[in-house]
Amino acid sequence: MAHSLSSLLFLLSSLLLTSGQSQVQKKQQQKEPFVGVNIGTEVSNLLPPKELVTFLKFQKITHIRLYDANPPLLQALAGTGISVVVGIPNNQILSIGSSNATAANWVSRNILPFFPQTLITAIAVGDELLTTVPSSSPTLLPAIQFIHQVLVSLILDDRIKISTPHSQSIILDPFPPSQAFFNQTLVSPILLPLLQFLSKTRSPLMLNLYPYYVFMQNKGLVPINNSLMDPLPPSKEMVDPNTLLHYTNVFDAMIDAAYFSMKNLNITDVPVLVTESGWPSNGDSSREPFATAENAEKFNSNLIKHVMGRAGSPVHPEITSSVYIYELFNEDLRRSPVSEAYWGLFNGDGTPSYLLSVANSGSFLASDTRNKTYCVARGMEGELGVDLKSLQAGLDWACGVGRANCSEIQPGELCYQPNDVRSHASYAFDSYYQSQGRSSGACDFNGLAVITTTDPSHGSCIFPGSKKMVNKTTLGSTGTNTTNGSGPILAHSVGAHSVWAFVVILTSFAAMNFVSSWTFW
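Residues numbered from 1 in each chain as written. Predicted model: local features only at pLDDT ≥ 70, side-chain atom pairs only at ≥ 80, totals over all residues. Heavy atoms only, no water.

**Some details on the nonpolar core**
Okay, so step 1: Ranked by size, the top nonpolar core spans 104 residues in total, and within it I64, W106, I123, I147 and L328 carry the most contacts.
Okay, so step 2: Broken down by element, this core gets its largest block of residues, nine residues, from helix 12 (residues 250–263).
Okay, so step 3: Within the second largest apolar cluster, 26 residues are counted, among which are L391, C399, Y427 and A449. (Core = buried A, V, L, I, M, F, W, Y, C linked by side-chain atoms within 4.5 Å. Buried < 20%, exposed > 50% of the residue type's maximum accessible area, 1.4 Å probe, protein only. Helix = DSSP H or I, 4+ residues; strand = E, 2+ residues; numbered from the N terminus.)

Written out as structure tokens, the structure reads:
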């Protein structure tokens, strides 16, 4: 059976090699640090695959990590150019690590039907398996090796890397970084041969790093600003007494602890890929007082700017680890602790959990979402999920009682086209939202509207929230009623388009030990 599967996979590989992206393009992409997102699925109102992909493209998200092979989503991602890390759940490691035929079957079911149309760039075998399911640890490396052998037989091993995400807790005495080392009970049987494999295959060490948990477990020792990656004066920097390297944040210290731990095993050519990091936006007020939207905004904004600014770390300033934020959506089906449900940048329906400040961070989430937001009608082009009669009522209220300036959507004016209820409602909603000081409560309209950081202006139609409005003579301090309380102001067509919310990115479970010898100056 294994022989026939290998033959089939080898034949299929010849087809795959003719249509994938070029090696030059691929290698160039790998040199650029990126910020991606994890997509968990314990969400009660998760967007369907096609809508989810549209949402990802709208947010300019170019890298995602899945916790399993999700066929409908992988199919929907075809042709998008979005890089995907496909996960193998922990409960499948035992069977895959016990049989190369099972590994071949997994690849034939979960990779080959979608690649290369869907840009699968890596396979994450398990997730924190060494610390969460230690009984399966002996089969982890065999599972990785079996999957790799299949990729080699397909001549795909250079295009699809393979590794396994670890909890930071596999590193003991991580502070200061220079004295960090791997848990010795894991080194000989697993970590050393794994790192040698990663070195040989030019694959990354995947780590889930959470400064939030470091702070929570060491309150009084770790300053909150260091954990949130806030800019610090030299007097507040952390200093490694052995190297005299200065650390402005806990995240960089965690990265370097991994590099020192690998160096202790004579491994110096394996890069660190952060597969999870983030901060919760809500939690139990007594037990998790620092799980707030303000702190989540600070951490994730600073993290994104840190990566996109190619900041590197004190040990390796020339290397910037790419990061997957945990997570894209709040997983409201998670229950305990309270914060488990609030790691997302967005809610499952695409509305933002909070707004980030990521100006000048490149094409990914480039708008400064704190200072430049808009309110638009909910829905996408071709979507009929929003009742148009209700939308019309919201439009009438905004232009009437709400005293929004709706003059620009009158016939013959700059924003009259496209002449449909969604487009006109978006303009009216934004006019009202801006007049109310961009408060979140001013962009609701009974659930018909959503805040976005993408400027909905188009052509000569400049929306009230755009900074371009300063140059428009039509900008006024009072709204213009266009309904006079007499009903709909315009005839609208069905099948309009609007804009989904735009904001930002995430994290899950990891813990660390902390040593009091870490020096703060």
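There's plenty left to go through after this.
**Concerning helix 9 (residues 184–201)**
Okay, so step 1: The terminal C-alpha atoms of helix 9, which comprises 18 residues, lie 24 Å apart, in line with the 26 Å expected from a rise of 1.5 Å per residue.
Okay, so step 2: Taken as a whole, helix 9 carries its principal kink of about 50° at I190; the proline P193 stands between one and four residues after it.
Okay, so step 3: Those residues of helix 9 not exposed but buried are L186, V187, I190, L191, L194, L195, F197, L198 and T201.
Okay, so step 4: Of the residues one or two after helix 9, R202 is the one with positive phi, at around 55°. (Expected span 1.5 Å × (residues − 1). Bend = angle between axes of the 7 residues up to and from the residue.)

**With respect to the side chain of N300**
Okay, so step 1: Turning to its location among the elements, N300 is positioned in helix 13 (residues 293–308).
Okay, so step 2: Side-chain polar atoms of N300 contact the side chain of Y354, separated by 2.8 Å. (Polar contact = N/O pair within 3.5 Å; in protein donor to acceptor, adjacent residues only side chain to side chain.)

**Let's talk about the environment of Q75**
Okay, so step 1: Looking at the secondary structure, you find Q75 in helix 4 (residues 71–76).
Okay, so step 2: The class of Q75 is partly exposed, set by a relative accessible area of 48%.
Okay, so step 3: Considered as a pair, Q75 and T118 are 43 residues apart in the sequence and their alpha carbons are 7.1 Å apart.

**Quick word on the confidence of the model for the chain**
Okay, so step 1: For the chain, mean pLDDT is 82; residues scoring 70 or higher make up 79% of the total.
Okay, so step 2: Contacts from residues 1–30, a stretch scored under 50 in pLDDT, to residues over four places away or in other chains number 37 contacts. (pLDDT = per-residue confidence, 0-100. Contact = heavy atoms within 4.5 Å.)

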